[in-house]
Amino acid sequence: MTPELTDQQITSALQGISVPPQPQIMVDLQMEQVMPDPDLKAIARLISQDPGLSGSLLKIVNSPFFGLANRITSIQQAVNLLGVSRVINIVNAQSIRGELTDENIVNLNRFWDSAQDIAMTCMTLAKRIGCVEPDEAYALGLFHNCGIPLMLSRFPYYIEVMEDSYAQDQARIVDVENQRMNTNHAVIGYYTAKSWLLPRHLCEAIASHHNAQQLFLAPGSGDPIQKNLLAILKMAEHICQAYRVLGNQKIDHEWNAVGQAILEYVGLSEYDFENLEAVCQELTATGEGRYYQD
């Protein structure tokens, strides 16, 4: 678990990066969520006031990943069907694109495409494997790399560092960032998620998402909730080829190091995982119009 840090330590870790404020709609939804009897109509009304979020939520709910028999046409229907927590997890995750898009940042299309694909794949894996709530898996998939655009806004050469990080077959991806910039995207992502009041276990997973070797290779280590979340995330990153899309590499060094341990942890054989991989890639291609190519 990430220890509480002093203000000075936080300032040092952020290295001059300004964490964007929590979107007002997230504040309003979280206030409604903690009420003894959340008002579903009020929640639907709040979401409906933001056309971008409304459209994103309906697109996700009607995607092949949910597999609903009938098409959902209103936010009220979505809230009634999915429930408060699931809808708010999805909306929170979607909010990040609007808040972290900087028109001065270039080359981020591959980041946003990758985040969406990973989020959808996390959701599918969670539904199939059952160890994580699908909406939480989705939120983690979309939020886990939220530090990347913030790093790029602070360090113009960050893309080069990120690609070098993925090229390492011994060091962790965040180790290279720490060496060159004295911070890393997982740390920045953690503070962003924490300041936006995301659930603590999701914040912790964001902070630890490149510590997979420590979690899965050391006997008896790690909190089961964290391991479940990160097992889903690491499988999704490999399926969505983050090592190629983000890291511009041909080999997934991180998966090669921990993949077998993760499959053993969730009880999947290589054959089972290959079948899941095919299903997820087909759903992503169908749902988002993008296809994986060699």
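Everything discussed here concerns the structure shown above.
This one's a predicted model, so the numbers in the text were calculated from it and none came from an experiment. (Residues numbered from 1 in each chain as written. Predicted model: local features only at pLDDT ≥ 70, side-chain atom pairs only at ≥ 80, totals over all residues. Heavy atoms only, no water.)

> Tell me about the overall build of the protein, residues and numbers included.
The helix and strand tally for the protein stands at 18 helices and zero strands. Taken over 294 residues, the protein has a buried fraction of 53%. Restricting to contacts in the protein with at least 6 residues of sequence separation, those with at least 24 account for 69%. In the structure as shown, the protein presents an accessible area of about 13600 Å², 48% of it carried by carbon and sulfur atoms. (Helix = DSSP H or I, 4+ residues; strand = E, 2+ residues; numbered from the N terminus. Buried < 20%, exposed > 50% of the residue type's maximum accessible area, 1.4 Å probe, protein only. Contact = heavy atoms within 4.5 Å. Areas by Shrake-Rupley, 256 points an atom, 1.4 Å probe, with all protein chains shown as cover.)

> Now, about the side chain of Asp 135: what can you tell me, with residues and values included?
Topologically, Asp 135 is positioned in helix H8 (residues 134–143). A polar contact of 2.5 Å, which involves the side chain of Asp 135, links it to the side chain of Asn 89. What Asp 135 contacts, discounting residues up to four positions off in sequence, is Ser 85, Arg 86 and Asn 89. (Polar contact = N/O pair within 3.5 Å; in protein donor to acceptor, adjacent residues only side chain to side chain.)

> Provide a residue-level description of the side chain of Glu 177, including the pertinent values.
Considering the arrangement of structural elements, one finds Glu 177 in helix H11 (residues 173–181). Notably, Glu 177 is buried but unbridged: the nearest opposite-charge side chain belongs to Arg 180, and the N-O separation is 9.9 Å. Other than its neighbours up to four places away in sequence, Glu 177 contacts Met 151, Tyr 158, Val 161, Ser 165, Asn 182, Thr 183, Asn 184 and His 185. (Lys, Arg positive; Asp, Glu negative; His and termini not counted. Salt bridge = Lys/Arg side-chain N within 4 Å of Asp/Glu carboxyl O.)

> Describe the nonpolar core, and please don't skip the residues or the numbers.
Among the nonpolar cores identified, the biggest contains 95 residues, and Ile 47, Leu 57, Tyr 138 and Met 235 are the most heavily contacted of them. Looking at this core, the element that brings in the most residues is helix H7 (residues 109–129), giving ten residues. Residues contacting Ile 47, with those up to four places away along its chain left out, are Ile 25, Leu 29, Ser 54, Leu 57, Ile 75, Val 79, Val 87 and Val 91. (Core = buried A, V, L, I, M, F, W, Y, C linked by side-chain atoms within 4.5 Å.)

> Just give me the short version of the packing of H7 against H8, but keep the residues and values in it.
Taken N-terminus to C-terminus, the directions of H7 and H8 make an angle of 155 degrees; their axes are 7 Å apart at the nearest point. In terms of their interaxial angle, H7 and H8 are classed as roughly antiparallel. In this structure, H7 meets H8 at a crossing whose hand is right-handed. Where H7 abuts H8, its residues Ala 115, Gln 116, Ile 118, Ala 119, Met 120, Cys 122, Met 123, Ala 126 and Lys 127 lie against Pro 134, Ala 137, Tyr 138, Gly 141 and Leu 142. In terms of residue class, the contact of H7 with H8 is made up of eleven nonpolar, two polar and one charged. (Axes fitted to C-alpha atoms, helices over the stretch in contact; angles between N-to-C directions. Parallel < 35°, antiparallel > 145°, perpendicular 65-115°, else oblique. Left-handed = near helix turned anticlockwise from the far one by under 90°. Nonpolar A, V, L, I, M, F, W, Y, C, P; charged D, E, K, R; others polar.)

> Which residues make up H8, and what are the values?
Among the ten residues that make up H8, ten are buried, leaving the element largely enclosed by the rest of the structure. Among the residues of H8, those classed as buried are Pro 134, Asp 135, Glu 136, Ala 137, Tyr 138, Ala 139, Leu 140, Gly 141, Leu 142 and Phe 143.

> Which residues make up the state of the cysteines, and what values do they have?
The tally for this structure, following the rule as stated, stands at zero disulfides. Free of any disulfide, Cys 240 has its nearest cysteine sulfur in Cys 280, 7.5 Å distant. When its relative accessible area of 3% is taken as the criterion, Cys 240 is described as buried. Take Cys 280: its relative accessible area is 0%, and that puts it in the buried class. (Disulfide = S-S within 2.5 Å.)

> Tell me about helix H15 (residues 224–239), and name the residues and values.
Here H15 contains 16 residues, and its C-alpha end-to-end distance of 22 Å stays within 8% of the 22 Å for a straight helix at 1.5 Å per residue. At the exit of H15 stands Gln 241, carrying a positive phi of roughly 55 degrees. (Expected span 1.5 Å × (residues − 1).)

> With reference to specific residues and values, describe unusual backbone geometry.
Most of the time, phi is negative for any residue but glycine, and the peptide bond is trans. At Asn 182, a residue that is not glycine, the phi angle is positive and equals roughly 60 degrees. As for its position among the elements, Asn 182 is in the loop between H11 and helix H12 (185–195).

> Tell me about the environment of Ala 78, and please be specific about residues and values.
Counting through the fold element by element, Ala 78 comes out in helix H5 (residues 75–82). When the C-alpha atoms of Ala 78 and Ala 44 are compared, they prove to be 8.3 Å apart, with 34 residues separating the residues in sequence. Contacts of Ala 78, omitting those with residues within four sequence positions, involve Leu 57, Val 61, Ile 72, Gly 83 and Val 87.

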